[in-house]
Amino acid sequence: KKSRKFKLSKLNMLVRNLRALVPRGFLSSPHSYNVRSNPVTMAGRVVRNLFAILNVGNNDRSTVKKKQNGRMKTKETCPVGLLKNSVVKVFFASRDYSRTRPWETHTERCYGTGFAISGKRILTNAHVVEVLNEHTSVHVKKRGSTIKYKAKVQKIAHECDLAILEIDSQEFWKGMNPLELGGIPPLKKAVFVLGYSGNRIWITKGLVSSFETKKYLHSDTELLRIQIDATIKNGNSGGPVILENKVVGVAYEGSQIQSSLIPTPIVKRFITGDEESDQQAVFCSLGLSYQSIKNAQIRNHFKMSSEMTGILINKINLWSGAYGILKKNDIILAIDGVPIANDATVPFWESERISFNYLISMKKPGETSMIKVLRRGKEHEYNINLKPVKPHVRVQQYYKRPSYYIFGGFVFVPNHNLSESEEQHVIISEILEDDINQGYESFKDLQVEKVNKVKVKNLRHLFELIEENGTQNLSIDLEDDKVLVLNYESAKKADSIILKRHNITSAISNDLTGSSN
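Residues numbered from 1 in each chain as written. Predicted model: local features only at pLDDT ≥ 70, side-chain atom pairs only at ≥ 80, totals over all residues. Heavy atoms only, no water.

Under the annotation held in an unreviewed UniProt entry, the chain carries the name Protease Do-like PDZ domain-containing protein and is attributed to Brassica napus.

Written out as structure tokens, the structure is:
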């Protein structure tokens, strides 16, 4: 029977190729003369089809086999679609406090992407579940499901923009396989980003274009990142980046021409890092400012030999573990035996070079690094205890109700747009209109500098200076040499009316009612 079927298929192939000897419409087409008048074309057609007839058996089977092998190879090298069931849509909703009118809240809703990792956990971006307070709600939804499952933020680190979610539901985890974390992808290698945009999972292909240590937009912390030449879609944040069935990164930032990924060394460090609390940083910093010394004249000035390379220390922060040990104008030659080039880089993956900060950032808080320096022409080595990355002001505010103080209809708040500072600047964020503040409308957003000639250190200090004044007139100096004068008793009487008018329960936030440090 098999032989008979093969003969029939061979016969059918023979008939098809014989038909192909005569061009379609040759006898009936009004343009058939074009073919008849070109014997070369006709001869070529006959030879090709006769060749196909003579090889019909072997060729037919080998062609099918090649196509099948090709399809199999495609599935082996790019099985990204099979991983979609491990990718989830993350929903976030929160009533966040207004920064200019801190007694008010506004609802924020957004979504992103997450994926299953070992231990029945979901990994996503910290900025997807950004504001954590008593009004926060996080849910996840599986592919193809209409059910939203409640999720709990088990661990979060804003410095590296990562968060881990827990879902207490056996039903949710049915058929959900954790994705395996891989290593760093080679340059120019194609990777695939999986992420939600709308109600479907999109797969975006891109080539790895670079490795670098740059500040993460979410936290201003300088960590390792990977760039790819593809644009990720809105909602893709938190999605896995796949190479050969393994996760090689987490999508977190994108532009019109390229996107940034959090590489797996950062991801693994976050997952396994020991934290005293959910808000503590798990990455380290030397806590100093420096400059490269690519110019030969400055190297000669600091008595560096031709074989020496390194960086020049400009300043050491008070909170740094190197404070009191390293000094300004020291040349850092090496860290843990790894020489630092004059452009502040060290060797990395596949002959690439990145900032020396990578060596420090991947250490655990409390660990030490051997720092080799050149000081006044002599080499020294010091063991430096490493401190965690200092949280950015924006990161700290995620967990706090905003502080505010209302006096005379002026709303005083800390300036949250400033980065690290020894003193907390205070601004007028809002002016609640009343006769008491008439003529001062243009003072909104100005910084407060002094109260009765006393420099204001922070919002609590401002509150104390005003409340301790009693019945006297107050002179408040603002930036640009502007002056605000208010009578204490008149302002207090006006405040009671203003608070009722705007339905504000208190003129002062709870955190300012305690004693000053």
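The rest of the description comes next.
A few words on the overall build of the chain. Summing up its helical and strand segments, the chain has eleven helices and 29 strands in all. Buried positions account for 46% of the 517 residues belonging to the chain. Here the contacts in the chain between residues at least 6 apart in sequence split such that 62% fall between residues at least 24 apart. (Helix = DSSP H or I, 4+ residues; strand = E, 2+ residues; numbered from the N terminus. Buried < 20%, exposed > 50% of the residue type's maximum accessible area, 1.4 Å probe, protein only. Contact = heavy atoms within 4.5 Å.)

Judged by pairing direction, the barrel is antiparallel, and its six strands sit side by side in the order 7-8-9-12-11-10 before closing back on the first. Strand after strand, the sheet turns through a mean of 45 degrees between neighbouring axes, direction not considered. Examined bridge by bridge, strand 10 (residues 240–243) and strand 11 (residues 246–254) share four bridges and lie antiparallel to one another. The residue of strand 11 that forms the bridge with P240 is V250. The sheet contacts of helix 6 (residues 264–272) involve strand 9 (222–228), strand 11 and strand 12 (259–263), and relative to strand 12 the element is tilted by about 45 degrees. (Pairing = 2+ DSSP bridges. Axes fitted to C-alpha atoms, helices over the stretch in contact; angles between N-to-C directions.)

Under the definition given, this model contains eleven salt bridges. Note that E430 is salt-bridged to R101, the shortest N-O span being 3.5 Å. One end of the pair, E430, is in strand 25 (residues 426–431); the other, R101, is in the loop between strand 1 (87–97) and strand 2 (105–117), and 329 residues separate them in sequence. Residue classification places R101 among the buried positions, given a relative accessible area of 18%. Overlapping salt bridges bring together E212, R225 and E253 as one network. (Salt bridge = Lys/Arg side-chain N within 4 Å of Asp/Glu carboxyl O.)

This paragraph deals with the packing of aromatic side chains. Throughout the structure, instances matching the rule amount to 13 aromatic pairs. With 6.3 Å between their ring centres and 25 degrees between their planes, Y405 and F412 make a pair best called stacked. Side by side, Y405 and F412 carry an identical accessibility label, which is buried. An aromatic cluster is built from Y405, F407, F410, F412, Y440, F443, F463 and Y488, whose rings are joined through pairwise contacts. Above the ring of Y111, the side-chain terminus of K89 is found at 4.3 Å from the ring centroid. When the ring centre of F270 is taken as origin, the NZ or CZ atom of K155, which lies over that ring, is 5.3 Å away. (Phe/Tyr/Trp six-rings, centres within 6.5 Å; stacked < 30°, edge-to-face > 60°. Lys NZ or Arg CZ within 6 Å of the ring centre and 35° of its normal.)

With that settled, the discussion passes to the pairing of strand 5 (residues 149–157). Where strand 4 (residues 137–141) meets strand 5, three bridges bridge the pair, whose relative direction is antiparallel. The partner of V140 across the bridge, within strand 5, is Y149. Sheet analysis places strand 5 next to strand 6 (residues 162–166), joined by five bridges and oriented antiparallel. Within strand 6, the residue paired with K155 across the bridge is I164. Connecting strand 5 to the antiparallel partner strand 6 that follows it, the hairpin turn spans four residues, and D161 within it adopts a positive phi of roughly 60 degrees.

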